[in-house]
Structure formats: structure tokens, C-alpha cells
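# A look at the structure
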Amino acid sequence: MIKLEYDFFIRDVLEVAPELIGKYLFLKKDNVDHLYMITEVEAYRGEEDLACHASKGRTSRTEIMYTRGGHIYVYLIYGMYWMFNIVTGKEDDPQAVLIRGIEGIKGPGKLTKYLGLDGSYYGEDICNSSRIEIRDNNIFHPITITQRIGIEYAGEPWASNLWRYVIRNDPK
DNA sequence: GGCACGATGTGA
DNA sequence: CACATCGTGCCG
């Protein structure tokens, strides 16, 4: 298992997102190591993407998306659920990958609750953290590509862009 | 300051 | 389909 470094994350989100399928999320909780295979992600790309929070421009919340890839973007939705994202791309090119599923857990809100991820991870450097990393075991997994979930409000073409990537055979 | 609304999940 | 629950963006 190789830890992924900046060169992996500092690329366009449409390259990084599909490659994250089958990779492993490493977490250290209470001094115990855990590995979870990533099974579902979505790409959010630039200020022009009306489903991307960066479409509102640079704010205290979206600021982290304007940094170079490898930082963590976490935010609260519906007052209850933390969404876990990894920033990608170069500095000043706001992009992020929303991690929507790991093996056995479907749904971005359930995922963060299960893993214990919250606002304390906002801005964390996933290439230089003692508690969270992404690792690769070089095993390829075929993927299914679909539209992103829950962003119809963004209108076209954003609602129809095929920017959701799911591990194939992962039921739904 | 006030208000509308979500990259969701659950349960009727 | 209703709704919980609150940070954020936007307007005033």
C-alpha cells in the first residue's frame, strides 16, 4: 500500500475522481489504524460549475478549494450531515472530490458519521496528516459513470454532466 | 439582523 | 412525501 502524494491530487478533478475508486482511506482513530476502500465519488469543478460551492466565489467556506490539491474540504449540510471532500488541482483552480461511499457504507452523510469525520478536518493536509491518508494497492476496479446526485438545481449542463463514479457491481 | 435553502437520510 | 436542523450566502 502506497500513500498518495501531492502529484496525485494536483491534477484536474476529472482525472483524479475516477482514480480514487478502489483506493483506500486510511484513518487512525484512538491509535488504531483503519482502511476503507472508496466506492463512490463525485467531481465538483470550478466557479462555472453551478453545483460546485466555488460557484459562489471565494468565501471563508470555499477558501480551501482555492488551495492546491491534497487539502480536505468538509462542510455541514442540512444542519446535520458533514460532507467529506478532497481538494484537487492547482492553486486558484477550485475543485474537489466528494467522497460519497466506502465499502459497506452508502451515502456521504452516513459515511462521515460512521468514520467520525467532522469540521475539525477542514483544511487538513491529507499528504501530511498523522490521522488521515489515501493509499493505493494498485488493484484496478472497473467503474460505472452517472450524473451527480441531488444537484438538479444547478441546471444544465451541470445537472447532466457524468461526474459521478461508482465501483462497478457495488449494488446501486 | 433576517431569511431561504441545501453535494442528506429517515420514516410515514 | 414530510421534515429535522443550522451554517452560509445574500439582501437590507
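Residues numbered from 1 in each chain as written. Chains lettered and ligands numbered in written order. Predicted model: local features only at pLDDT ≥ 70, side-chain atom pairs only at ≥ 80, totals over all residues. Heavy atoms only, no water.

By the definition in use, this model includes five aromatic pairs. Judged by centre distance (6.1 Å) and plane angle (80°), the rings of Y36 and Y114 are edge-to-face. Here Y114 lies in helix 3 (residues 108–115) and Y36 lies in strand 3 (residues 32–45), a separation of 78 residues in the sequence. Consider the rings of Y73 and Y122, whose centres lie 6.2 Å apart with planes at 80°: the pair is edge-to-face. (Phe/Tyr/Trp six-rings, centres within 6.5 Å; stacked < 30°, edge-to-face > 60°. Helix = DSSP H or I, 4+ residues; strand = E, 2+ residues; numbered from the N terminus.)

Further remarks concern the state of the cysteines. Applying the stated criterion across every chain yields a total of zero disulfides. The closest cysteine sulfur to the non-disulfide-bonded C52 is located on C127, 20 Å from its own sulfur. (Disulfide = S-S within 2.5 Å.)

Okay, the pattern of salt bridges next. In total, this model carries 14 salt bridges according to the counting rule given. One salt bridge in this structure joins D12 and R45, with 2.9 Å as the shortest N-O distance. You can see D12 sitting in the loop between helix 1 (6–9) and helix 2 (13–20) and its partner R45 sitting in strand 3, a full 33 residues away along the chain. The salt bridge involving R100 is made with E42; its shortest N-O contact spans 3.7 Å. Here the residue R100 occupies a position in strand 6 (residues 95–102), and E42 occupies one in strand 3, the gap between them amounting to 58 residues. Here E42 falls in the buried class, since its relative accessible area comes to 0%. (Salt bridge = Lys/Arg side-chain N within 4 Å of Asp/Glu carboxyl O. Buried < 20%, exposed > 50% of the residue type's maximum accessible area, 1.4 Å probe, protein only.)

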